[in-house]
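An overview of the molecular structure
Here's the letter readout for the chains.
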Amino acid sequence: MMDQENSGKNRHEDYAIRLLGGKNFYPWLLVFVFMLGGAGIGGLLSLALPPVYEARALVSTNLELTQDAFITEIMLDAEINHIGELVFHPDIVGAVIAKEAGEGNSLTYDQLKKNTSVERQLMNTVIKVRDKNPQVAARIASEWAEILYTNLSEAYTHAVVLSGAKQQYNAIRGCLTANPRAPQEYCRSLTAEEARVELERLVPIIIAESPHSLGLTVALNVSQYQPAALPEKPLYYSRGSLILGGALAGLILGFVIAEFHPKFKHSDEN
């Protein structure tokens, strides 16, 4: 029974934290040295790695509701999310690349895709561009927002024409059904020939305007854009964060070595 108690006591000592139970000062000194070394490495990395800045430009939209409009929350979300998808439309990205080429900055679609993200803030779409040069990041984000706003404003005019043509087309088609939804006075004023001619006129308009509308509807209107401000602080790779991270890494490494290295065993262990 005594041997079992001694064996249990020895196992307990084997699993005890040596830094807390030992009287030797050198393990703590080792941990402190590793912390200083990790902090120093983090400081060197902060000098070797260039900082990255993030600039943010904003495109604002608003929803124009009418009394007879049926707009659900899901439809509203889909409309605004679609604006974020149009940020990376090939025509819009191509215009950004062309404008940057005029500034002497050669960019590719993949580079812009990698260094850019889109965030939705209520009715606004935020374009976030990252670059090592804060001025370049702000310029690209501002150009992008302006180009997006210009293209969306033009697309909205096509969306208005498309919406009107679709409404008129559906009204005429409705007059040809047994239970027309269009006003009866309007339907009675149309002859079969007039309806056919009008439908033939509207179909090419719908086909032509659809791609130019970029999927927008008359309910969502693009109101303005806000250029990006010049970022003052880097997004990451800041010196303080790297030094702190290096110190923490050194603390963990020093603790592991001091805890498990046989040189720093308790004086009462065999």
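What you see is a predicted model; the values in this text were computed from it and never measured.

Structural notes on the sheet that holds strand β1 (residues 53-63)
- Spatially, four strands are ordered β2-β3-β1-β4 in an open sheet, and the strand pairing comes out antiparallel. Strand pairing shows two members of the sheet lacking a second neighbour, β2 (116-121) and β4 (220-226), which therefore form its edges. In this sheet, adjacent strand axes meet at a mean angle of 25 degrees when their direction is disregarded.
- The sheet contacts of helix α7 (residues 134-175) involve β1, β2, β3 (124-131) and β4, and relative to β1 the element is tilted by about 20 degrees.

Observations concerning helix α9 (residues 192-212)
- In a regular helix each residue adds 1.5 Å, so 21 residues correspond to 30 Å; α9 covers 31 Å between its end C-alpha atoms and thus fits that length.
- Within the sequence span of α9, burial applies to Ala195, Glu198, Leu199, Leu202, Ile206 and Glu209. Down the axis of α9, the buried side of the element spans an arc of 110 degrees, and every buried residue falls inside it. Seen from the buried face of α9, the exposed residues on the opposite side, beyond 90 degrees, are Ile207 and Pro211.
- Buried-residue contacts for α9 involve α7.
- At the C-terminal side of α9, leucine 214 shows a positive phi close to 55 degrees.

Here we look at unusual backbone geometry
- Of note, the phi angle at leucine 122 is positive, near 55 degrees, even though the residue is not glycine.
- Its identity as a non-glycine residue notwithstanding, leucine 214 has a phi of 55 degrees, on the positive side.
- Within the element layout of this structure, leucine 214 appears in the loop between α9 and β4.
- Given the relative accessible area of 17%, leucine 214 is considered buried.

Observations regarding the packing of aromatic side chains
- Under the defined criterion, the tally for this structure stands at two aromatic pairs.
- Consider the rings of phenylalanine 88 and tryptophan 144, whose centres lie 5.7 Å apart with planes at 85 degrees: the pair is edge-to-face. Linking phenylalanine 88 in the loop between α4 (73-86) and α5 (90-102) with tryptophan 144 in helix α7, this pair joins segments that are 56 residues apart in sequence. Assigned by exposure class, phenylalanine 88 and tryptophan 144 land together as buried.
- A centroid spacing of 5.5 Å and a plane angle of 45 degrees characterise the contact between tyrosine 149 and tyrosine 225, whose relative ring orientation is tilted. A residue pair is termed long-range when its members are at least 10 positions apart, and tyrosine 149 in helix α7 and tyrosine 225 in strand β4 qualify at 76 residues.
- In this structure tyrosine 225 comes out as partly exposed when scored by relative accessible area, which is 28%.

Description of the environment of serine 210
- Looking at the secondary structure, you find serine 210 in helix α9.
- Given the relative accessible area of 29%, serine 210 is considered partly exposed.
- In this structure the C-alpha to C-alpha distance between serine 210 and valine 161, which are 49 residues apart in sequence, comes to 9.5 Å.

Regarding the nonpolar core
- Counting 33 residues, the largest nonpolar core has Leu112, Ile127, Ile140, Trp144, Leu148, Leu152 and Leu216 as the members making the most contacts within it.
- Listed by contribution, the elements that provide at least two residues to this core are β1, α4, α5, β3, α7 and β4.
- It is α7 that contributes the most residues to this core, twelve residues altogether.
- Contact partners of isoleucine 140, with chain neighbours within four places excluded, come to Val96, Glu100, Asn105, Leu107, Leu112 and Val129.
- Core analysis: the second largest hydrophobic core is formed by seven residues, Leu162, Ala165, Ile172 and Leu199 among them.

A look at the packing of α7 against α9
- Where α7 meets α9, the axes come as close as 9 Å, and the angle between the chain directions of the two elements is 150 degrees. Regarding the angle of α7 to α9, the classification is roughly antiparallel. In this structure, α7 crosses over α9, and the sense of that crossing is left-handed. Taken together, the residues of α9 that come into contact with α7 (itself represented by Ala155, His158, Val161, Leu162, Ala165, Lys166, Gln168, Tyr169, Ile172 and Arg173) are Ala195, Glu198, Leu199, Arg201, Leu202, Val203, Ile205, Ile206, Glu209, Ser210 and His212.
- Partitioning the contact of α7 with α9 into residue classes produces twelve nonpolar, four polar and five charged.

Thresholds, definitions, all that
- Residues numbered from 1 in each chain as written.
- Predicted model: local features only at pLDDT ≥ 70, side-chain atom pairs only at ≥ 80, totals over all residues.
- Heavy atoms only, no water.
- Pairing = 2+ DSSP bridges.
- Helix = DSSP H or I, 4+ residues; strand = E, 2+ residues; numbered from the N terminus.
- Axes fitted to C-alpha atoms, helices over the stretch in contact; angles between N-to-C directions.
- Contact = heavy atoms within 4.5 Å.
- Expected span 1.5 Å × (residues − 1).
- Buried < 20%, exposed > 50% of the residue type's maximum accessible area, 1.4 Å probe, protein only.
- Arc of directions from axis to C-beta.
- Phe/Tyr/Trp six-rings, centres within 6.5 Å; stacked < 30°, edge-to-face > 60°.
- Core = buried A, V, L, I, M, F, W, Y, C linked by side-chain atoms within 4.5 Å.
- Parallel < 35°, antiparallel > 145°, perpendicular 65-115°, else oblique.
- Left-handed = near helix turned anticlockwise from the far one by under 90°.
- Nonpolar A, V, L, I, M, F, W, Y, C, P; charged D, E, K, R; others polar.

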